[in-house]
Amino acid sequence: MTELKNNLLLKALRKEKVERPPVWMMRQAGRYLPDYIKLREKYDFFTRVQTPELATEITLQPVHQIGVDAAIIFSDILVIPQAMGVQVLMEEGKGPSLPNTIKTQKDIDALNTSNVDEHLKYVFDALALTKKELNGAVPLIGFAGAPWTIFCYMIEGKGSKTWDKAKQFAYTETNLAHQLLQKITTITIEYLTTQLQSGADCVQVFDSWAGSLSPEDFKTFAQPYLLQITDAVKDSGPVILFPKGTWYALEDLSKSSASAIGLDWTVSPKQARALTNNNITLQGNFDPAKLLAPIPQIKKWVKEMIDEFGAQNYIANLGHGITPNVPVDNAKAFVEAVKEYKDKKN
Ligand code: CP3
């Protein structure tokens, strides 16, 4: 195995001392990069995802062009419903749609949870190829959507501001909801474990729509499945949980077997450290919209953010995915500001 030349991310995940925090950006491979947009004109979304050479090329773009300390494999969270046998369409500029939503016991019984190695072979091949191409430059992150977030898409059939249909199903067909969440959990465990065996150095679980739930409902429909995944996967590699919008769960999650928790910008670094008792590595939480501000201002905010989190047990990142309208130079400035950071305590 090639040794990593830059292992800041893995050190931070193990709570080892670092000279500066590692930095990467959620959704760093994608729509704000001109070279990505060029590829988008030639190949449709799932061709890009399912062709290991293309996925690798896209994964490496932000490593070479933005200078991040980690690569995240180019794929999508919705490959899991596909592997379960559900059709997923991606309309450029419109987002995903799943024409056959889950409604009944029969629909749930028909869902596949096995042969992940076969159904998602292209992801594992892309990880292996990317790992090879990286040649140890930086660690490689694998990922999956969290059960609640995948459930939202499988019930609603498309994106939603309120996820009211997904919630209606959870509140009225509670037994079926738990069966579906469990099936997603089972296949996701297999998926993440195989990613770690195929070249991923760690994995992140994106619970993008966790914040649509009340604290009590998060405890019922999201948290148990997140913890089940973390417990089952942790021996294969470090797990980062990103349950967006759930600051109230930080204390509980800090006691989990996750290696880090990702935060959005609705919690301050100080509050997050207090809620987690300084027990766990934290990741985040720069508002991506702040990348639209002038560069000197971005750099000042990044320094303040690191000062407040502290440079140790910390991974600099955004509080959600980078948006397509961010200028490349501003994304670079975010990364540079972290790299320029000097830990006063060193
Ligand atoms: O760089 C990376 O982060 C790796 C690639 C990645 C993509 N999707 C590629 C993509 C990752 C980690 C994801 C995760 C993902 N996908 C999430 C969780 C993260 C988040 O932002 O909350 C979610 C909710 C999805 C589902 C999804 N995929 C949506 C809602 C959309 C359309 C809206 C959008 O973000 O553009 C996608 C499409 C998608 N996935 C694109 C990319 C680069 C854009 C489509 C395109 O470029 O043609």
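Our structure's up above, just so we're on the same page.
The rules behind these values
Residues numbered from 1 in each chain as written. Predicted model: local features only at pLDDT ≥ 70, side-chain atom pairs only at ≥ 80, totals over all residues. Heavy atoms only, no water. Helix = DSSP H or I, 4+ residues; strand = E, 2+ residues; numbered from the N terminus. Rg over C-alpha atoms; globule rule 2.2 N^0.38 Å. Contact = heavy atoms within 4.5 Å. Areas by Shrake-Rupley, 256 points an atom, 1.4 Å probe, with all protein chains shown as cover. Lys, Arg positive; Asp, Glu negative; His and termini not counted. Charge placed at Lys NZ, Arg CZ, Asp CG, Glu CD. Core = buried A, V, L, I, M, F, W, Y, C linked by side-chain atoms within 4.5 Å. Buried < 20%, exposed > 50% of the residue type's maximum accessible area, 1.4 Å probe, protein only. Pairing = 2+ DSSP bridges. Right-handed = clockwise from strand over helix to strand, strands pointing away. Near = heavy atom within 4 Å. Polar contact = N/O pair within 3.5 Å; in protein donor to acceptor, adjacent residues only side chain to side chain. Nonpolar A, V, L, I, M, F, W, Y, C, P; charged D, E, K, R; others polar. Salt bridge = Lys/Arg side-chain N within 4 Å of Asp/Glu carboxyl O.

Caption draft 1: Highlighting the overall build of the protein chain. When helices and strands are counted, the protein chain shows 17 helices and nine strands. Its C-alpha radius of gyration of 19 Å places the protein chain within 12% of the 20 Å reference for a compact globule of 346 residues. Here the C-alpha coordinates of the protein chain stretch approximately 60 × 45 × 40 Å along the principal axes. Counting only contacts in the protein chain whose residues sit at least 6 apart along the sequence, the fraction spanning at least 24 positions is 73%. Working note: accessible area of the protein chain is about 14,400 Å², and carbon and sulfur atoms make up 50% of it. Of the side-chain charges in the protein chain, 38 are positive and 39 negative, and the distance between the mean point of each set is 5 Å.

Caption draft 2: Representation of the nonpolar core within the structure. Core analysis: the largest hydrophobic core is formed by 126 residues, its most contacted members being Met25, Leu120, Phe151, Met154 and Phe334. At ten residues, the largest contribution of residues to this core is made by helix H11 (residues 174–198).

Caption draft 3: Looking closely at the pairing of strand E8 (residues 281–286). The element E8 is largely enclosed, with a buried count of six among its six residues. Judged from the three bridges that link them, strand E7 (residues 260–262) and E8 form a sheet pairing that is parallel. Each bridged residue has a counterpart across the sheet, and for Ile261 the counterpart in E8 is Leu282. Running through helix H15 (residues 269–275), the crossover from E7 to the neighbouring parallel element E8 is right-handed. Taken together, the five bridges between E8 and strand E9 (residues 314–318) define a ladder with parallel strand orientation. Bridging across to E9, Phe286 finds its partner in Leu318.

Caption draft 4: Region of the structure containing the site of the ligand. In the region of the ligand, 23 residues are neighbours, and Ala29, Arg31, Tyr36, Ser208 and His320 sit closest. The separation between an oxygen atom of the ligand and a polar main-chain atom of Ala29 is 2.7 Å. A distance of 2.7 Å separates a nitrogen atom of the ligand from a polar atom in the side chain of Asp76. Notes on the ligand: free accessible area 850 Å², of which the protein chains cover 89%. If you list the elements that add at least two residues to the shell around the ligand, you get helix H2 (34–42), helix H3 (45–50) and strand E3 (95–97). Its residues assigned to classes, the shell around the ligand comprises twelve nonpolar, five polar and six charged.

Caption draft 5: The arrangement of the pattern of salt bridges in detail. One pass over the structure, following the stated rule, counts twelve salt bridges. Put simply, Asp35 and Lys38 hold a salt bridge, and the shortest N to O gap is 3.3 Å. Residue Asp35 and its partner Lys38 are located together in helix H2, separated by three residues, close to a single helical turn. Of the residues examined, Lys38 reaches a relative accessible area of 52% and is grouped as exposed. A salt bridge links Asp201 to Lys131, with the shortest nitrogen-to-oxygen separation between them at 2.8 Å. Residue Asp201 is found in the loop between H11 and strand E5 (202–207), and its partner Lys131 is found in helix H8 (residues 121–134); the two are separated by 70 residues along the sequence. What makes Lys131 partly exposed here is its relative accessible area of 22%. A single network of salt bridges, built from pairs that share partners, joins Lys299, Glu336 and Glu340.

Caption draft 6: Structural detail: helix H13 (residues 223–233). Along H13, the residues classified as buried are Gln223, Tyr225, Leu226, Ile229, Thr230 and Val233. Where H13 is buried, its residues meet helix H9 (147–156), H11, E5, helix H12 (215–221), strand E6 (239–243) and helix H14 (250–254).

Caption draft 7: Fine view of the environment of Val79. By secondary structure assignment, the location of Val79 is in helix H5 (residues 79–83). Accessibility expressed as a relative area gives 0% for Val79, which makes it buried. Linking Val79 and Ile150, residues 71 residues apart in sequence, is a C-alpha distance of 9.9 Å. Aside from chain neighbours lying at most four places away, what touches Val79 is Val49, Leu120, Tyr122 and Tyr191.

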